[in-house]
Amino acid sequence: MSAEQVSSLCEQLVKAVTVIMDPASTQRYRLEALKFCEEFKEKCPICVPCGLKLAEKTQTAIVRHFGMQILEHVVKFRWNNMPRLEKVYLKNNVMGLISSGTQSILEEESHIKDVLSRIVVEMIKREWPQHWPDMLKELDTLSKQGETQTELVMFILLRLAEDVVTFQTLPTQRRRDIQQTLTQNMEKIFCFLLTTLQQNVNKYRRMKTDLAQEPKAQANCRVGIAALNTLAGYIDWVALSHITADNCKLLEMLCLLLNEPELQIGAAECLLIAVSRKGKLEDRKPLMVLFGDVAMHYILSAAQTADGEGLVEKHYVFLKRLCQVLCALGSQLCALLVSDSDVETPANFGKYLDSFLAFTTHPSQFLRSSTQITWGALFRHEVLSRDPLLLAMIPKYLRASMTNLVKVGFPSKTDSPSCEYSRFDFDSDEDFNAFFNSFRAQQGEVMRMACRLDPRTGFQMAGEWLKYQLTAPVDTGPMNSKTGEGLCSIFSPSFVQWDAMTFFSESVISQMFRTLDKDEIPVNDGIDLLQLVLNFETKDPLILSCVLTNVSALFPFVTYRPEYLPQVLSKLFASVTFEVIEESKFVVSVQAPRTRAVKNVRRHACSSIIKMCRDYPQLVLPNFEMLYNHVKQLLSNELLLTQMEKCALMEALVLISNQFKDYERQKVFLEELMAPVAGLWLSPEMQRVLSDPEAFISYVGADNKIADPVLEDPSGLNRSRISFCVYTILGVVKRARWPAATEEAKAGGFLVGYMPSGSPIYRNPCTEQVLKLFDNLLALIRTHNNLYMPEMVARLGETFAKALDMLEVEKNAILGLPQPLLELYDSPVYKTVLERMQGFFCTLYDNCFHILGNAGPSMQQDFYTVEGLATQLLSTAFINLNNIPDYRLRPMLRVFVKPLVLSCPSEHYETLVCPMLGPLFTYLHMRLSQKWQVINQRSMLCEDDAADDNPESQEMLEEQLVRLLTREVMDLITVCCVSKKGVEHNTTAAAVDGDDDEAMATEVTPPASAELTELGKCLMKQEDVCTALLITAYTSLSWKDTLSCQRTTTQLCWPLLKQVLPGNLLPDAVSWFFTSVLKGLQTHGQHDGCMAALVHLAFQIYEALRPRYAELKAVMEQVPGIQRDSLEQFDSKLLNPTLQKVADKRRKDHFKRLITGCIGKPLGEQFRKEVHIRNLPSLFKKVKPSLETDVLENEDGEGLTALFEP
């Protein structure tokens, strides 16, 4: 190798690198240059001298960086084959580069420093400590040369800790060697880091005020920052004793640095990691020093200074870190201060709470939210929750919450100091809105905890705020509502206040009723408030909605004073028919549709009535007649209420009628209530419409062409009549019930006998009415399914060609697109007649299946014994499934099939469930297989040409729907077949030991006792159903849906297969099951959870079936890259029953190594060049032979006796 050769090669490389980095280069030139450089790195024998030449200080930064990349490549990929002298030569030259081969600390580019430290770390990972014992000494010597070298040493130490401990990017034995050696030397390393930090900070402080010394000061500051970053990489995992050594010197230093603007963020970062440490409580006690006077003083003064400097990003980031430090301190305090420990409440606890409250009242919504979890922990704590200082803090915390619940701070607005901060924290108003909603929910939790400790204060504050809002003038703000003048929008100052106050009063009042004894409740105050709310009149829909919530929140007081019930009912009924109509509107012939806010008020009033009747039926019962008359009056005008509102009111009546506790009386009432529905539903015209798809399309107006799709809707009334009937049937089936207490049910005539098992059989007073309407309901379902036939779709009118499509809202929900912020809350909801038609079909379809799903639990044996039920359902609900789209099939499985099956008594399995599920499961398997085949083919084609990137593209929507349908189907099969005993037990165990994430992720084992249910066994007895279930479960493992794969693997596959093991399985079938699992591994191996579950399943199958089926070995032999001798060894141990079984985990690990070739890798790793780091001679001598292998393999027991000989 001559110097000329090196020089000429280097010239070519410099040219190539220049071409690659020059923006003006053509694509072809750049690719050629890149190819040249890559080939050089891979093949050239003189990489080291060329790399060193290019890395010289005289070259440009880009060329030097490339030279060092060459050296890094050599260390990573050629080290194992390099002669020892060449390694030493390279190592010495690299250390030389650190010593004198870089520019000074302030001039050198950061990417050069980074790559240089990487080269050293790569050598350390291969040679230290065994072959390079003096490495730490060499680094120490280098650091004595000056700031430039010290900074590089810091980078090396940090990178080493990250690779070895944080990311663990090297083989186990090397990792262990290095980590143990680091740990042995940790005292020296920590001492070195601290001394470096201290010396450089001291120099920096001395020189920073002297302008002549500015560059020197900056250099020291840089080293200080590097030392803090390196400390942050170690504090996380070293023994706590190093952090608290020398009277917590490190912590003291970090606190001091909080007031040094250039170093404060790094110091806060280190402090945060230290204070967040877990570990033995005993070791953590010294951290309490941070509650001492000195530390507290520094932390608080740093916070005040940073906050006083206005909103500068750097200071704001620092404030966030400090807030996290205080939160972590609170968590440490809660962990250490337990009733039987010797830790006492710190003297500065009050000071701590004050400073913490300062963060809770800061203008930044993000900082406010960061404090909530810690407040919750303090209020819940067994010792601290009794502390007078904390109890005195509750009113202040609640006062702060009153401000924090007000939804202001949208980044696009300027109506609050919070807006400025939000612009740093949130990308958009939608983002902020999502954050604020979860922040508010969290505050609700914490407020309830605070009120558990002091219920009266909260109630008193809620009362004051409510009274204030009731008398405050309405301020609609600049954003006026589009409905009418003087009405609020969701951003109006008045509404925002009402909204916050309502949330506050709801949270604290509900908690007060839970906490105080009955005789301690301030009934008079509560009733006074209720009267004020009932007397308050407003024409503003948004405010009225808040008023209704307050009525509901205060309603429990009525249980003490029932005479107020009629007033409450009147208020709610008045709101059911609420309208915002202005005089000018009467001029227009067509009344504008209601705004969303108005619809919400009406819906709100209805649901308040239902809730009242559900939760306080005894209280409402005496006023039943009044309630009934109210409802009758409202129902008499067909146009006054929407169908949903009518049915909500009827549901409320049904709920109260359950309190009659008299079968005959309730039956008569339900008959009377449903008479109008029965009249309509059973009329000859309706019968014709419901049973003939063509007549149905024409009746609901879907075959028309409409000139004005917004105002003209001639068939609207027909649709609403069908909706009314279906809604009513659903409401009655869902709400009518027999009394819960057996004695009451018996006395009321609901009990008709007992099952063989002794459990009572009840009858539902609605059964007769509902079954009378049942045939037409099934006819409607059949008709609805048949609408999807191509010839029927062709009959839809021009306006309605897409009437059966998904609603936009559904599409957005499936694609996970955020809903736009409702600026539109108050514009009238002008839906086109097409949107109304889509909504009609969608709701009708869902509700029909909700009725069928509720029929079982509601009418029990009366429903399950309907003659020929299975045949009827098969010929209606399950007809024409081929044409029914995925988005309609999903709700059918979820709301109809699943509840029907789950509530079915076992005596009807043979006659009803099996005949229905058999064909259904067979069909679903066929359908899903075809869908996944299309998706897989599509993804193979997509690799050739660029896929459509539009997230709303039809393909993406379809694919996501197939995923959701797959989950629905697998969930249905699992629910039918497997009882999940032991699952809860399993998850809690996992949660307790959850510290070691790695072990957790790879040791997922299915709940040991997942057994088949009675229904599962019944289904598995029928050959065709059994085949469909097994094939679906095992085929689904290689469908590209991780969630479904993991659930199916852990819950379903093994219990199903175990059921058929006693029989004679065909060898081909066994091979197919096993191959399916391996294919699943190929598809999902890159996901830890799936991989662990699939490996476990493959292992179970192989262990259980290999002794009977030699074919499994043949499958194993086809695994890519399998080691035959290792397989033979595994097999012989498995097949030799006399051998002592090796521990389960070791057998499983061995098996996992065998099938590694099948386990799929993430795309990023598939084409990565493997780095091989060789193990060095062991640092630690093995003390004794391992028992398992050596001793126990001596059959005659000589080994055992040898153990005990002196």
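Caption draft 1: Summary view of the overall build of the chain. A count of helices and strands for the chain gives 59 helices and four strands. Dimensions of the chain, computed from the C-alpha atoms along their principal axes, are close to 105 × 80 × 75 Å. Residues classed as buried in the chain amount to 52% of the 1206 residues present. Of the contacts made within the chain by residues no fewer than 6 positions apart, 77% connect residues no fewer than 24 positions apart. Total accessible area on the chain is roughly 56000 Å²; 53% of this is exposed by carbon and sulfur atoms. Looking at charge distribution, the chain has the averaged site of its 125 positive side-chain charges lying 2 Å from that of its 146 negative ones.

Caption draft 2: Examining the packing of aromatic side chains more closely. The final tally for this structure, using the stated rule, is 45 aromatic pairs. Look at Phe432 and Phe435: their rings are 6.1 Å apart centre to centre, the planes differ by 45°, and that puts the pair in the tilted class. Separated by three residues within a single helix, Phe432 and Phe435 lie in helix α22 (residues 429–453), roughly one turn from each other. You can call Phe432 buried: its relative accessible area is 0%.

Caption draft 3: Quick look at unusual backbone geometry. For the bond from Trp128 to Pro129, the omega torsion is -5°, close enough to zero to count as cis. Positive phi outside glycine occurs at Asn247, with the angle close to 55°. Locating Asn247 in the fold gives a position in helix α12 (residues 240–257). In this model, Asn880 sits at a positive phi of 55°, which is unusual for a non-glycine residue. Residue position: Asn880 is located in the loop between α43 (869–874) and α44 (886–902).

Caption draft 4: Up close: the pattern of salt bridges. By the definition in use, this model includes 52 salt bridges. Here Glu38 ties to Lys41 by a salt bridge, and the two come within 3.7 Å at their closest N and O atoms. With Glu38 and Lys41 both in helix α2 (residues 27–43) and three residues apart, this pair spans about one turn of that helix. A relative accessible area of 37% places Glu38 in the partly exposed class. One salt bridge connects Asp1041 with Arg967, and the closest N-O pair in it is separated by 2.7 Å. Taken together, the residues span a long stretch of sequence, with Asp1041 in the loop between α50 (1023–1035) and α51 (1042–1060) and Arg967 in helix α46 (residues 954–977) at a distance of 74 residues. A single salt-bridge network, built from bridges that share partners, covers Glu122, Lys125, Arg126, Arg159 and Asp163.

Caption draft 5: Molecular detail of the packing of α12 against helix α13 (residues 264–275). Orientation of α12 relative to α13, taken along the N-to-C sense of each, is 140°, at an axis distance of 8 Å. As α12 runs across α13, the sense of the crossing is left-handed. In this structure, α12 contributes Ile243, Leu251, Leu254, Cys255 and Leu257 to the contact, and α13 contributes Gln264, Ala267, Cys270, Leu271 and Ala274. Considering only residue class, the contact of α12 with α13 consists of nine nonpolar, one polar and no charged.

Caption draft 6: Region of interest: the nonpolar core. Counting 379 residues, the largest nonpolar core has Trp375, Phe921 and Tyr1034 as the members making the most contacts within it. Excluding residues within four positions of it along the chain, Trp375 makes contact with Leu353, Phe356, Leu357, Thr360, Leu390, Met393, Tyr397 and Val446. Formed by seven residues, the second largest nonpolar core is a distinct cluster that contains Leu815, Leu957, Leu961 and Leu964.

Caption draft 7: Quick look at helix α38 (residues 774–786). Look at α38: 18 Å from first C-alpha to last across 13 residues, which is about the 18 Å you get at 1.5 Å a residue. α38 sits mainly inside the fold: 11 of its 13 residues count as buried. For α38, every residue scored as buried is listed here: Phe774, Asn776, Leu777, Leu778, Ala779, Leu780, Ile781, Thr783, His784, Asn785 and Asn786.

Caption draft 8: Spotlight on the environment of Ile299. Within the secondary structure, Ile299 sits in helix α15 (residues 293–308). In the structure, Ile299 is positioned 53 residues away from Tyr352 in sequence and 9.9 Å away in space, judged by C-alpha atoms.

Caption draft 9: Representation of the packing of α13 against helix α16 (residues 313–336) in the model. Where α13 contacts α16, the two axes come as close as 9 Å, and the packing angle between them is 20°. Taken together, the axes of α13 and α16 are roughly parallel relative to one another. Considering the relative orientation of α13 and α16, their crossing is left-handed. Of the residues in α16, those touching α13 at Gln264, Ile265, Ala268, Glu269, Leu271, Leu272 and Val275 are Lys314, His315, Val317, Phe318, Arg321, Gln324, Val325, Ala328, Leu329 and Gln332. Residues belonging to the contact of α13 with α16 are distributed by class as follows: 10 nonpolar, four polar and three charged.

Caption draft 10: Molecular detail of helix α27 (residues 565–576). Taking 1.5 Å as the rise per residue, α27 with 12 residues should run 16 Å; its terminal C-alpha atoms sit 17 Å apart, in good agreement. Residues Leu565, Val568, Leu569, Lys571, Leu572, Phe573, Ser575 and Val576 constitute the buried set of α27. Elements that come into contact with the buried residues of α27 comprise α25 (523–535), α26 (541–554), α28 (596–615), α29 (617–620), α30 (624–636) and α31 (643–657).

Definitions and limits used
Residues numbered from 1 in each chain as written. Predicted model: local features only at pLDDT ≥ 70, side-chain atom pairs only at ≥ 80, totals over all residues. Heavy atoms only, no water. Helix = DSSP H or I, 4+ residues; strand = E, 2+ residues; numbered from the N terminus. Buried < 20%, exposed > 50% of the residue type's maximum accessible area, 1.4 Å probe, protein only. Contact = heavy atoms within 4.5 Å. Areas by Shrake-Rupley, 256 points an atom, 1.4 Å probe, with all protein chains shown as cover. Lys, Arg positive; Asp, Glu negative; His and termini not counted. Charge placed at Lys NZ, Arg CZ, Asp CG, Glu CD. Phe/Tyr/Trp six-rings, centres within 6.5 Å; stacked < 30°, edge-to-face > 60°. Salt bridge = Lys/Arg side-chain N within 4 Å of Asp/Glu carboxyl O. Axes fitted to C-alpha atoms, helices over the stretch in contact; angles between N-to-C directions. Left-handed = near helix turned anticlockwise from the far one by under 90°. Nonpolar A, V, L, I, M, F, W, Y, C, P; charged D, E, K, R; others polar. Core = buried A, V, L, I, M, F, W, Y, C linked by side-chain atoms within 4.5 Å. Expected span 1.5 Å × (residues − 1). Parallel < 35°, antiparallel > 145°, perpendicular 65-115°, else oblique.

Any functional reading would require information beyond the geometric quantities listed.
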